[in-house]
Amino acid sequence: MQATSQIAGGARFGVDRAQWRALGKLAIPLMLAAFLQNTYQLVDALWLGRLGTDAMASVAVSIPVSAVLIALGGGLAVAASTLVSQFAGKGQPEQIRKVAVQGLLMSFCASVLIGLIGMIAAPFAIRLLGATPEIAPAATGFLQVTMAGIVFTFNVAVAQAVLRGRSLVRDALSIVAATVAINAVVAPVLIFGLLGAPAMGVMGAAWSTLLAQGIAAAASTALLFHDRRGVGLRISDFVFDKALSARFLKIGGPASIEQSVSQMNFVMMTVLVAHFGAMALATYGIGIRLLIFAAVPSMGISLSTAVLVGSAIGAGDREAAATAARMGARIGFIAGALEGLLIFLAAPAIGAAFAPGQPMLQAEVTTYLHIAAFSYAAMAYNGGMAGAYRGAGSTRIAMWLIMAQSWMFQLPTAYLLSRHTPLLAHGIWYSTPIANNMTMLITTLIFLRGNWSRPKA
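Residues numbered from 1 in each chain as written. Predicted model: local features only at pLDDT ≥ 70, side-chain atom pairs only at ≥ 80, totals over all residues. Heavy atoms only, no water.

Here we look at the overall build of the chain
Then comes step 1: Tallying secondary structure elements over the chain gives 15 helices and two strands in all.
Then comes step 2: For the chain, the proportion of its 457 residues judged to be buried stands at 54%.
Then comes step 3: Taking all contacts inside the chain whose residues are at least 6 apart in sequence as the whole, residues at least 24 apart take part in 79%.
Then comes step 4: For the chain, the accessible surface area stands at approximately 19700 Å², while carbon and sulfur atoms represent 70% of it. (Helix = DSSP H or I, 4+ residues; strand = E, 2+ residues; numbered from the N terminus. Buried < 20%, exposed > 50% of the residue type's maximum accessible area, 1.4 Å probe, protein only. Contact = heavy atoms within 4.5 Å. Areas by Shrake-Rupley, 256 points an atom, 1.4 Å probe, with all protein chains shown as cover.)

If you want it as structure tokens, here you go:
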């Protein structure tokens, strides 16, 4: 996909029609894929909820640990997508194949190392998070299986990033949809012991997810070997490239730190909320689930913007890259604002749906959503801009932005407002829109300077 092809056509709301089509062609399948990916945990929660509170708690306590460790390798996928889109803009298919190979090799090495560390450290990490003796064994087992499957998780992330960089998103979406369906079917069989299988409880959810991820990894990697629907890999291509691996680390390192900081921010916010008891935790848990789903459009826009910007940078057209960045941020802001308005208006109904028969919790959820609604526009705008920075290879900018949002704005604001004002837990809720809107101002200033789109070594 040449960047110059994305800037032709008539204008519509200040953005060329071709750009709207290009973004929509990428963003819609990516949004659907992100939505489906998020259903893994929802499916597990649906079935495990029938086993009781301990089963749900054992999974919940293991998620922060696995999320932080998985995030450490997330930068490899960002690097793969960035490099592939840039080489696509340059019209260099041979380099695209090399990127795919290095991504797969590096993801395998990283996943084996992180997976082993995670499996060994699992009992200590679960204990450190305060798991009770009743849930610690199941939580430890669930985390260890998750860490064993991290090799598949990393493989899928990199393979799909390569396909995304080549704008081959429909086949990637089909793989995600198929594996989510497999997990939805296999999970209850293994959890409850249906069809002659042994009842494995919490571990059944872990093994069904591992099976689905293994199938996704095999299918995604096989697709890369296809000439038209992949990148035409050959077994002979699998040779280590020192120079290209160094570029992976230069781009992917900051992206991994960025994702890890984001996950650690979630852990720290949970600790702050826990100070105010079960009601606050329940409210935050519901709110975060909604926030994750509300972030799906932002994620799709961010990923597609990264591809368009990377292609433009590869073609040497910085103006086209800037135009794509403005488009992603603008569309993200509008979509986020509409989302925020809908959530604000529907907050009482959402509270009633998630907390039936619990009027106090319903009221708290409504308050949380009324406050959080003012963060969605800025969140989606920031996602579009961050995607542009990643597509240009400026992953350090995206890293510093998430660090500023987490450590300069959100966590200090949450602590001060909750501990030193009458707002109490509501002060934590206010920290989300404050942090997102402050970050929006900073990322706009960085964009206006223009340094982000300069060619990277």
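After that view of the structure, there is still more to cover.
Quick word on the nonpolar core
Then comes step 1: Residues Leu83, Val99, Val162, Leu224, Val231, Leu233 and Phe248 are the most contacted members of the largest nonpolar core, which totals 32 residues.
Then comes step 2: If you tally residues by element for this core, the top one is helix H3 (residues 74-90), at eight residues.
Then comes step 3: Each residue touching Leu233, except ones within four places of it in the same chain, is listed here: Arg97, Ala100, Val101, Leu104, Leu224, Phe225 and Phe238.
Then comes step 4: Listed in part, the 28 residues of the second largest apolar core include Leu272, Ala280, Ala295 and Ile371. (Core = buried A, V, L, I, M, F, W, Y, C linked by side-chain atoms within 4.5 Å.)

So, the packing of helix H4 (residues 93-128) against helix H9 (residues 242-274)
Then comes step 1: Where H4 contacts H9, the axes come no closer than 10 Å and their chain directions differ by 70°. In terms of orientation, H4 and H9 fall into the roughly perpendicular class. Seen along the crossing, H4 lies across H9 with a hand that is right-handed. When H4 is examined against H9, the residues Lys98, Val99, Gln102, Gly103 and Met106 are found in contact with a partner set consisting of Leu244, Ser245, Phe248 and Leu249.
Then comes step 2: Its residues assigned to classes, the contact of H4 with H9 comprises five nonpolar, three polar and one charged. (Axes fitted to C-alpha atoms, helices over the stretch in contact; angles between N-to-C directions. Parallel < 35°, antiparallel > 145°, perpendicular 65-115°, else oblique. Left-handed = near helix turned anticlockwise from the far one by under 90°. Nonpolar A, V, L, I, M, F, W, Y, C, P; charged D, E, K, R; others polar.)

Comments concerning the environment of Ala398
Then comes step 1: Of note, Ala398 is situated in helix H14 (residues 395-419).
Then comes step 2: Among the residues examined, Ala398 registers a relative accessible area of 3% and is labelled buried.
Then comes step 3: In this view, Ala398 contacts Glu258 and Arg390; residues no more than four positions away in its chain are not counted.

Looking at helix H7 (residues 169-192)
Then comes step 1: Look at H7: 35 Å from first C-alpha to last across 24 residues, which is about the 34 Å you get at 1.5 Å a residue.
Then comes step 2: If you look at H7, its biggest bend is around 25°, right at Val186, and the proline Pro188 turns up within four residues after that.
Then comes step 3: Phi for Gly193, located one or two positions after H7, is positive at around 75°. (Expected span 1.5 Å × (residues − 1). Bend = angle between axes of the 7 residues up to and from the residue.)

Quick word on the packing of aromatic side chains
Then comes step 1: Going through the model one piece at a time under the given rule, you end up with four aromatic pairs.
Then comes step 2: Both rings, one in Phe333 and one in Tyr381, keep their centres 6.4 Å apart while their planes meet at 90°; by these two values the pair is edge-to-face. Of this pair, Phe333 sits in helix H11 (residues 318-354) while Tyr381 sits in helix H13 (residues 376-391), and the two are 48 residues apart along the sequence.
Then comes step 3: Of the residues examined, Phe333 reaches a relative accessible area of 36% and is grouped as partly exposed.
Then comes step 4: In this structure Tyr381 comes out as buried when scored by relative accessible area, which is 13%.
Then comes step 5: Note on Tyr368 and Trp429: the rings are 5.0 Å apart at their centroids and 75° apart in plane angle, and the pair reads as edge-to-face. With Tyr368 in helix H12 (residues 359-372) and Trp429 in helix H15 (residues 425-449), the pair connects residues that are 61 residues apart, well separated along the chain.
Then comes step 6: The class for Tyr368 is buried, based on a relative accessible area of 3%.
Then comes step 7: Of the residues examined, Trp429 reaches a relative accessible area of 1% and is grouped as buried. (Phe/Tyr/Trp six-rings, centres within 6.5 Å; stacked < 30°, edge-to-face > 60°.)

Observations concerning the environment of Ala110
Then comes step 1: By the secondary structure assignment, Ala110 is in helix H4.
Then comes step 2: Separated by 44 residues in sequence, Ala110 and Phe154 place their C-alpha atoms 8.4 Å apart.
Then comes step 3: Every residue in contact with Ala110, bar those within four places of it in the chain, is listed here: Leu76 and Phe154.

Topic: a nonpolar patch on the surface
Then comes step 1: Taken together, the side chains of Phe108, Val112, Leu116, Met119 and Ile120 define a hydrophobic patch exposed on the protein surface, amounting to about 470 Å² of accessible area.
Then comes step 2: With respect to the secondary-structure elements, Met119 resides in helix H4. (Patch = residues over 30% accessible without salt bridge, like charges linked within 9 Å, V, L, I, M, F, W, Y side chains within 5 Å. Salt bridge = Lys/Arg side-chain N within 4 Å of Asp/Glu carboxyl O.)

Some remarks on the packing of H13 against H15
Then comes step 1: Across the interface, H13 lies against H15 with an axial gap of 9 Å and an inter-helix angle of 35°. Here the hand of the crossing between H13 and H15 comes out left-handed. The residues of H15 that touch H13, namely those facing Ala378, Met379, Tyr381, Asn382, Met385 and Tyr389, are Asn436, Asn437, Thr439, Met440, Thr443, Thr444, Ile446 and Phe447.

Regarding unusual backbone geometry
Then comes step 1: Its identity is not glycine, yet Leu195 carries a phi of approximately 55°, on the positive side.
Then comes step 2: When you line up the elements, Leu195 lands in the loop between H7 and helix H8 (202-224).

Thoughts on H11
Then comes step 1: With 37 residues, H11 should reach 54 Å at 1.5 Å per residue; the first-to-last C-alpha distance of 47 Å falls well below that figure.
Then comes step 2: Of all the bends found along H11, the most pronounced is centred on Ala347 and spans about 60°, while Pro348, a proline, follows it within four residues.

Here's the deal with the side chain of Ser302
Then comes step 1: Here Ser302 is to be found in helix H10 (residues 278-314).
Then comes step 2: Residue class for Ser302 comes out buried when judged on its relative accessible area of 8%.
Then comes step 3: Here Arg390 takes part through its side chain, which lies 3.2 Å from a polar atom of the side chain of Ser302.
Then comes step 4: When sequence neighbours within four positions are dropped, the list of residues in contact with Ser302 reads Gly383, Gly384, Ala386, Gly387 and Arg390. (Polar contact = N/O pair within 3.5 Å; in protein donor to acceptor, adjacent residues only side chain to side chain.)

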